[in-house]
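Structural overview for review
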Amino acid sequence: MAKAVLPFADWIDCARDPKESNQQRLYFLGTFDRRITFYSQQVRALRLAHALDATNAIAPGDTIAVVGAGAAGVTIAMAFALMGHDVTLYDPADNVLHLQSGSDRLLHPHIYEWPRVGSLDDQAGLPILDWTAGSGADVCAALQLSFGSALGRLSDKLRFANRHRLERLERHNGDWRLTLKHEGADVCRIKQHVVLCIGFGAERKCGGVIPTDYWKQNAIGTNADEPEAPAKYLVSGNGDGALTELLRLLITNFEHVEFTRTFLGMFSGNTLREAADRSFAGTAVGDDLEASFQQHLLPLLEVHGILDRLAHLLRRDRHVTVNSSGPLYATAKASQLNQCMVFALLETAKRENVPVVRSKGHLKSVEPAAGGGMTAVGIADGTNPVTTVFKHVIARHGPEKAARYKAADAFFVVHENYMKALC
């Protein structure tokens, strides 16, 4: 299993409040961690499983329910089974890892650690459910095969109950009672341990904007030519989701995996990594990086002709506004590589006179405009409110976690308060 850097007790205490007797043997996996990636959730799962097993927290004969068959849930369920524990994995979908299946978004195990040495290693290097960087569709297809094979080998310890949605979680004589909806009927199960890997839910709603899942294909901002140019888009947010949407809207025939590798290949040796190191040196969470990018990154982009090479990739049939409530490039709010790529692209757009508006403010709501389209409320371009009528608004303001955990809402609130106190 993955080597734990912290003592075993600390890994367990990251998943539940040790002082809350009403939450004993209930664990939340990675719900409130700052950096959430497919790989990091697998690592957290392996560490928690190892810690619980090594400290004998799971008694012989105990049964475990793992709720949620994403990266964390699949990994911890398989780890428990390999350790000899009885575990059932529940999910409302037909198959495991459904969220990223079919996605052309980049899944890379280490790229969010860039520019650290080794961050471009394509291999995850995990003891189980290992994988190689690629599109979400390719990675998930391979891991689904691996998990399916494990189900056959570990059938006496590992079960996958698909089409089971958790409706209610309650204490029951010191154990846990799960009420799950399956094929329209309630199914009740008693387990000694419960691990909640429910995930993070849909994006937060904003007025009339219907949130679209980051990993799912949708008709907003695809590679198709715009029927009426220029089509006007608003992207709101400064996290990885928003920055990736910005790349997708501005780059011709954008493919996440291909563009990322193409961009990295434009630089010789460690020049980009070294410029990024200088740009981020001495900054604290939330600091505005733009002046540092202008000082350390822009000269590199110019002298190596990167702006020239990006110019022919720019779309000319879209007019994009990008909004953020704080700095667009804020330390630790998105991956450093995504921030560098977006900075390079926006500098290219500026030089090529491709209009990209930078607005600021909290996007309060979106309202329908006369004659079609929509307007944004609460954002401004300088001191002037943005009055543009947009064809599409894409809000990437983070997930609705509380709604996702409604079935365990009382326990969720306690854990949320516990984690806030730790931070």
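Report on the accompanying structure.

This paragraph deals with the sheet that holds strand E7 (residues 165-172). Strand pairing in a sheet relies on backbone hydrogen bonds. The paired strands run either parallel or antiparallel. Across the sheet, which stays open at both edges, the 3 strands sit in the order E7-E8-E9 with antiparallel pairing between neighbours. The open sheet has two edge strands, E7 and strand E9 (185-191), and neither has a second partner. Pairs of neighbouring strands in the sheet enclose a mean axial angle of 20°, with direction left out of account. Strand direction decides the pairing type here: E7 and strand E8 (residues 175-182), joined by 7 bridges, are antiparallel.

This part covers the environment of Leu300. Mapped onto the fold, Leu300 is located in helix H9 (residues 298-303). Judged by relative accessible area, Leu300 falls into the buried class, the value being 12%. In this structure, the C-alpha to C-alpha distance between Leu300 and Ala311, residues 11 residues apart in sequence, is 16 Å. Residues within four places of Leu300 in sequence aside, it is in contact with Phe267, Thr271, Leu272, Ala275 and Ile306.

Here we take up helix H13 (residues 409-422). A rise of 1.5 Å per residue sets the reference length of H13, with its 14 residues, at 20 Å; its end C-alpha atoms lie 20 Å apart and thus fit the reference within 8%. Among all positions in H13, only Phe411, Phe412, His415, Tyr418 and Met419 are buried. Buried residues along H13 cover an arc of 130° about the axis, so they all sit on one side. Turned more than 90 degrees from where H13 packs its buried face, Lys420 and Ala421 sit exposed. Elements in contact with the buried residues of H13: helix H1 (8-13), strand E1 (26-28), E7, E8 and helix H12 (401-404).

Quick look at the pairing of E8 now. Between E7 and E8, which pair antiparallel and follow one another directly, the connecting turn spans 2 residues, one of which, Asn173, has a positive phi of 55°. As paired strands, E8 and E9 are joined by 7 bridges and run antiparallel to one another. Across the sheet, the residue bridging to Thr179 is Cys188, located in E9. Joining the antiparallel neighbours E8 and E9 is a turn of 2 residues, in which Glu183 adopts a positive phi near 55°.

Parameters at a glance
Residues numbered from 1 in each chain as written. Predicted model: local features only at pLDDT ≥ 70, side-chain atom pairs only at ≥ 80, totals over all residues. Heavy atoms only, no water. Pairing = 2+ DSSP bridges. Helix = DSSP H or I, 4+ residues; strand = E, 2+ residues; numbered from the N terminus. Axes fitted to C-alpha atoms, helices over the stretch in contact; angles between N-to-C directions. Buried < 20%, exposed > 50% of the residue type's maximum accessible area, 1.4 Å probe, protein only. Contact = heavy atoms within 4.5 Å. Expected span 1.5 Å × (residues − 1). Arc of directions from axis to C-beta.

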